[in-house]
Amino acid sequence: MNLKIEKNKTEIIKLLKHKQGICSRLLEKMGEQMKAVETQDESGLGAIIEGKEELIVGLNETDKKIADLAGELDSNIIESLGREHEGLIQDIESDLEKIIEQEKICHEKLSLVKSEVLEKIKAVKKGQALLKGYGVSKRTKPNISKNV
């Protein structure tokens, strides 16, 4: 039984290190996303978001594996494991906080760009409505009957 506990602890540590690596790569992607948002590079932004989605899927899978392994351990063991690897856990939490903050900034910037585009569309539509008044007049039908 003790061997299984040690194996789970070792696997959790390995998964936490893997999670830290994913968080680091995700943080790099967020930096790329910030640049793409600043330069309004839509195609680059799309590729970056796809890459981020893959990393997030990997992050979720890693979290699930950690939760499954931790569910098999006693709470005292989990607490001691947390104390032993506090630096690693803090690094992961720090990276996640930075990612969330950058995501909020990107969301705000994209919302601003979206509202600007909507205003331009409204202005164009309003201009088109005004131009219709100057357009070609409708053809009037003759008053003379075709039967004559």
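Let us look at the structure shown here. Everything numeric in this text was worked out from a predicted model, so none of it was measured.

I12 and L16 are the most contacted members of the largest nonpolar core, which totals 26 residues. Of all the secondary structure elements, the ones that give two or more residues to this core are helix 1 (2–39), helix 2 (42–71), helix 3 (75–84) and helix 4 (86–132). It is helix 1 that contributes the most residues to this core, 12 residues altogether. Setting aside residues no more than four positions away along its own chain, I12 makes contact with I66, L69, A70, L73 and L81.

What follows is about the layout of surface pockets. Space inside the largest pocket adds up to approximately 190 Å³. Lining the largest pocket, in full, are I12, L16, K19, D63, I66, A70, I78, L81, G82, I89, I92 and E93. Of all elements in the fold, only helix 1, helix 2, helix 3 and helix 4 reach the threshold of two or more residues within the lining of the largest pocket. When grouped by side-chain class, the residues that make up the lining of the largest pocket number 8 nonpolar, 1 polar and 3 charged.

Attention now moves to the environment of K9. Structurally, the position occupied by K9 is in helix 1. For the pair K9 and L73, spaced 64 residues apart in the sequence, the C-alpha separation amounts to 8.4 Å. Once you skip the residues sitting within four places of it in the chain, K9 turns out to touch L73, I77 and L81.

Along the chain, D95 falls in helix 4. Beyond its immediate chain neighbours, meaning those up to four positions away, D95 contacts Q20, C23, S24 and L27.

Attention now goes to a nonpolar patch on the surface. The grouping of V117, L118 and I121 at the surface amounts to a nonpolar patch, some 240 Å² of accessible area in total. One can find I121 in helix 4.

A positive phi angle is found at Q40, which is not glycine, with a value near 55 degrees. Relative to the helices and strands, Q40 resides in the loop between helix 1 and helix 2. Exposure remark for Q40: the relative accessible area of 48% places this residue in the partly exposed category.

Another aspect to go through is the side chain of T62. Summarising the element assignment, T62 is placed in helix 2. The class for T62 is buried, based on a relative accessible area of 3%. For T62, the residues in contact, after removing those within four places along its chain, are L15, H18, K19 and I22.

A word on helix 2. Between the first and last C-alpha of helix 2 there are 43 Å, a value that for 30 residues agrees with the 44 Å anticipated at 1.5 Å per step. Those residues of helix 2 lying buried are G44, L45, I48, G51, K52, L55, G58, L59, T62, I66, L69 and A70.

Reading the values: rules and limits
- Residues numbered from 1 in each chain as written.
- Predicted model: local features only at pLDDT ≥ 70, side-chain atom pairs only at ≥ 80, totals over all residues.
- Heavy atoms only, no water.
- Core = buried A, V, L, I, M, F, W, Y, C linked by side-chain atoms within 4.5 Å.
- Buried < 20%, exposed > 50% of the residue type's maximum accessible area, 1.4 Å probe, protein only.
- Helix = DSSP H or I, 4+ residues; strand = E, 2+ residues; numbered from the N terminus.
- Contact = heavy atoms within 4.5 Å.
- 1 Å grid on protein atoms, 1.4 Å probe; cavity = no way out; pocket = protein on both sides within 12 Å on 5 of 7 lines; lining within 4 Å.
- Points joined across faces, edges and corners; volume = space filled by probe spheres on them.
- Nonpolar A, V, L, I, M, F, W, Y, C, P; charged D, E, K, R; others polar.
- Patch = residues over 30% accessible without salt bridge, like charges linked within 9 Å, V, L, I, M, F, W, Y side chains within 5 Å.
- Areas by Shrake-Rupley, 256 points an atom, 1.4 Å probe, with all protein chains shown as cover.
- Salt bridge = Lys/Arg side-chain N within 4 Å of Asp/Glu carboxyl O.
- Expected span 1.5 Å × (residues − 1).

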